[in-house]
Amino acid sequence: MRLSHLATKKYPISLRPENFLSGFFAFVLLINFFLVFPCFLSAEITPPEKYLGFQPGQDFKLADWNKITGYFNLLAESSARVNVVELGKSTLGRALIMAIITAEENMPDLEKYRKIQARLHDPRGLNPEEKASLIKEGKAVVYISCSIHSTEIAASQMSMELAYRLASDSSPEIKKILDQVILLLIPSANPDGIDLVTDWYYRTLETPYEGSSMPWLYHYYTGHDNNRDWFMLTQKESQLMARVLYREWFPLVVYDIHQMGSSGPRLFLPPYQDPINPNLDPLLLRELYQLTGEAVISLARHGKTGVSTSTIFDSWYNTANRAAPLRHNALGILSEAASVNIASPIFIRPSEIRISGGGNEILSTNLEPWPGGWWRLRDIVEYELIVAMSFLRTVSEKKERFMENFCLFAERQINKGFTEPPYAYLIPADQKDLPTALKLLEVIQKNGAEVHQAIKPFKADGQEYPAGTYVVLLSQPYRAFVKDLLESKSYPLPPGRDPAQYLPYDEASWTLPLQMGLRVIEAGNKFEASLKLLTPISIPDSQITGSGKYLVIDSGTNNSLILANRLLKHHLPVNYADREFSAGNKTYRAGSLVIEKSRVNPSQIVSLGKGLGLRIESLDSVEPARLRPLKDYRLGIYQPWTASMDEGWTRWVLEQFEFDFQVLHNADIRAGQLEKKITHLILPSISSWVILEGRRKGEVPPEYAGGLGIEGVSALISFVQKGGRLIAVENSSDFVIDNFGLPLKNIIEPRQSRGSQGDQPATSASRVRVYSPGSILKVLVDNSRPETFGLEEEAAIFSYFSPVFELTEAESRAGNSKIHNLAWYPPYDSLLSGILLNGDKLKHKSAAVSCEVGKGTVVLLGFDVIHRAQAHGSFKFLFNSIIYR
């Protein structure tokens, strides 16, 4: 509380003549009060333990989101060093807050310092004198993000203690930090998850289920994958924070605080292990490692042991909040602390500790081993607090050097764009699916990079390009991000690593144009073109051209299925073409939507096509195609009690394309008579064992234990035989093959699926080992089938040791089965991006099949058809299986 508030709001003094005497005595008393108690000149700053009633990190205690935000708002009210801003709302409607912490003197000039940081992040046109002046005048912007993974909850608790120390401490060290640094502190990047985890923890506390995993995702759609959304930016939270990172504040340090398993190091800090992504600036990594080296020293000086470096976590992949900033010229830093059972302490014997594939010996990666013993939430809080303070202290002491290098990193990227190929990426406007191409450009812009468009025709690498071609120049500050996102990759298996034992930390490739099914061309030579810089791109409204009696929407665009869903919901008559046809000089794909103008108002179709960017063409004939009516469907999605990320991503993608659905759990399916509830059922990518057996009894409350069991299998077989359609995605294909007895086998030896829970049984020795740890592969497609309408004859799919099918002589237990091959691997190397070992085993084998069973159909999609909402180029395999019957 400030003195002005005390004088004018709490203690008004009347100086009217008739009350002068009483006013005089009140004034004297007030002066003496402040002389005796000078601390009342500013409000007392409440420590978190007083506000919460317990110390952050105390055993068996957690602060929920209401308590955390309440404390930060209290700090902002009582300290001029703290300002709390709401960035927006989370997925479930909670306030996502950011605390801006700096010296009181800096607060009025925040906008000035933000503009200085923005200018240094893009130094094009900045002369040396201006740069030196800005570096001297500016403040170093540091961003700390806590507990994006909500079970890794210590950082959210620690954030209150960090903020309190900075708000209340008047030591020279803190004053130096506050004077030189502007801290952007995110108490949690997943507010919804903080409450979900806290509620579950208190619900199970002092029960046999204490510290157990929740039966649902801690982010409504993505779970743990909310930290795999840092270039696609699909979720509300990552969108809000990316805006801060890459379009508003441009921090030079991004510190992302995590936890890991319990039996490894007590804390990991970079250096990162091999492989190193070649798009990263080596100078940036060297400075990052100096900064983390100071933190490791600080931990040692505080007596904190068990700190490991150069192990576990690499710097190859691009999807996490510590990885994406490295492509944006920021020091992206990850810490990973050993976990406890949420807030319950655990005891770890020395023999249980595993470091760098070995025991707990002294190693170059583990110089001072932790001896074992009790490990508590408070330990994690203390380790993380020491690291955060070390980063702030080091940056404040060398502020000008960090800011100079931040600008230098951008200059180096811009210079590479002028001197090294590729010089640009060219994205033609005549894409099969232009709205999806615009979504790619939108991703690039939301990550702070520039997109241009050609005003006139131009030539690059000997090829003519028309006006309207999109151009992403590499001579820009975020060159590393653009190149890493758009290029095809060759994953470098580290020397001496056995593929049978080694996996990339996350995935080998993420090349977005391949995943989205788009034509993007590298410009390997310099070229000249008249270009305009584009403002934020949005998908335009749909338009009707021509004057025939049929309205036709080609099936090549994903957005045509949004329109199909809107038409069905409005009960408007809509057909689809059962085969390819031509009109004029254009060919329309099988599955194209056809609407008879005599039966609808064309203006209503235009209205329903708003924001979809569709070209609706009016034709006189669609011959020789025959028209089939689109039928209503009732879609279900199986949701296990094992918190499946693939299930969550599937829900999110289906919602974006306006598919209505209902979620079904084990009991819903075991109850049978599914045909009365749904016409289609999706089994997301879940292991066969988890679908069948589920969570163990005694591990969770009884209502969440078990899987589908025999009753559920029988109900699914009955559903299909009576005409239902069962769609099994990736790993759930094994469940269907095994329990339906289909005349197919999966030839691939599986790996532990990402995000799976529970032990998995041994697999058949007849399976082969193919190394595809998150790679993009080519398949050939039979696009005459309804499940593949609108696809080209070749498609790119994402494979993480994904199933591959081969016909067998087995007899189906669900009745006679007729198999249709939807997609298969070519008779040559199918690798497009990433790494593929033993890939010859894939040749001619099936990637997707459709099986007629009784009156119904089983569709097996043996790859990650959604892949974190990135794989727009393979969405149709799923969407078509729902829409076309």
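Below, the structure is looked at part by part. As a convention, each chain's residues are numbered from 1 in the sequence order in which they are written. Residue-level local features of this predicted model are given only where pLDDT is at least 70; pairs of side-chain atoms are given and counted only at 80 or more, and the full residue set underlies all totals for whole chains, interfaces and linings. In computing side-chain values, all of the structure's heavy atoms are included and hydrogens and water are not.

**Details of the nonpolar core**
Throughout, nonpolar core names a set of buried Ala, Val, Leu, Ile, Met, Phe, Trp, Tyr and Cys residues whose side chains join them through atoms within 4.5 Å. Three exposure classes are used, based on accessible area relative to the maximum for each residue type with a 1.4 Å probe and protein chains only: buried under 20%, partly exposed in between, and exposed over 50%. Residues I144, L162, L166 and L185 are the most contacted members of the largest nonpolar core, which totals 168 residues. Think of it this way: any DSSP run of H or I at least four residues long counts as a helix, any run of E at least two long counts as a strand, and we number them from the N terminus. A per-element tally of this core places helix α12 (residues 377–397) first, with twelve residues. The criterion used for residue contact is that any of the two residues' heavy atoms lie within 4.5 Å. If we ignore the near neighbours within four places in the chain, the residues touching I144 are L162, L183, L184, L185, I186, Y255, I257 and A388.

**Things to note about the sheet that holds strand β25 (residues 593–596)**
A pair of strands is treated as paired once DSSP finds two or more bridges between them. Spatially, six strands are ordered β20-β26-β21-β25-β22-β27 in an open sheet, and the strand pairing comes out mixed. With partners counted over all chains shown, the strands left at the sheet margins are β20 (543–546) and β27 (627–629), one partner each. Adjacent strand axes in the sheet meet at a mean angle of 35° when their direction is disregarded. To define axes, lines are fitted to C-alpha atoms, for helices over the stretch in contact only, and angles between the resulting N-to-C directions are given on a 0 to 180 degree scale.

**Overview of the pattern of salt bridges**
Any carboxyl oxygen of Asp or Glu within 4 Å of a side-chain nitrogen of Lys or Arg constitutes a salt bridge here. According to the stated counting rule, one finds 53 salt bridges in the structure shown. With its nearest N and O atoms 2.8 Å apart, the salt bridge here joins E161 to R378. On the criterion of sequence distance, the pair formed by E161 in helix α7 (residues 154–168) and R378 in helix α12 is long-range, its members being 217 residues apart. A relative accessible area of 14% places R378 in the buried class. The structure contains a network of salt bridges with shared partners spanning D225, R228, D506, E507 and R868.

**Comments concerning α12**
Multiplying 1.5 Å by the helix residue count minus one yields the expected span of that helix. Helix length check: α12, at 21 residues, gives a terminal C-alpha distance of 30 Å against a target of 30 Å (1.5 Å per residue), a fit within 8%. α12 sits mainly inside the fold: 18 of its 21 residues count as buried.

**Focus on the packing of aromatic side chains**
Pairing of aromatic side chains here covers Phe, Tyr and the six-membered ring of Trp, requires ring centres within 6.5 Å, and sorts the geometry by plane angle: under 30 degrees stacked, over 60 edge-to-face, intermediate tilted. For the structure on display, the rule yields 34 aromatic pairs. An aromatic cluster is present here, built from F268, Y272, F313, Y317 and Y505 joined pairwise through their rings. Over a ring means this: the NZ of a Lys or the CZ of an Arg is within 6 Å of the ring centre and within 35 degrees of the ring normal. Between R401 and the ring centre of F402, over which it is positioned, the NZ or CZ distance is 4.7 Å. In this structure, R651 packs its charged tip against the face of Y220, placed 4.7 Å from the ring centre.

**Looking at the side chain of K399**
Inspection of the secondary structure assignment puts K399 in helix α13 (residues 399–419). Counting rule for charge: Lys and Arg are taken as positive, Asp and Glu as negative, and neither His nor the chain ends is counted. Buried within the structure, K399 lacks any salt-bridge partner; E400 is the closest side chain of opposite charge, at an N-O distance of 4.5 Å. Excluding residues within four positions of it along the chain, K399 makes contact with I135, K136, G138, A140 and Q180.

**Description of the pairing of strand β28 (residues 635–638)**
By the alternation rule, side chains of β28 split into L635 and I637 and G636 and Y638, which are all buried. Sheet analysis places β28 next to strand β30 (residues 680–683), joined by three bridges and oriented parallel. What sits directly across from G636, in β30, is L681. Alignment of β28 against strand β29 (residues 662–664), held across three bridges, turns out to be parallel.

**Focus: helix α23 (residues 732–740)**
Burial within α23 is extensive, with eight of its nine residues counted as buried. Within α23, the full set of buried residues consists of S732, S733, D734, F735, V736, I737, N739 and F740. Immediately beyond the C-terminal end of α23, within one or two residues, lies G741, with a positive phi of roughly 60°.

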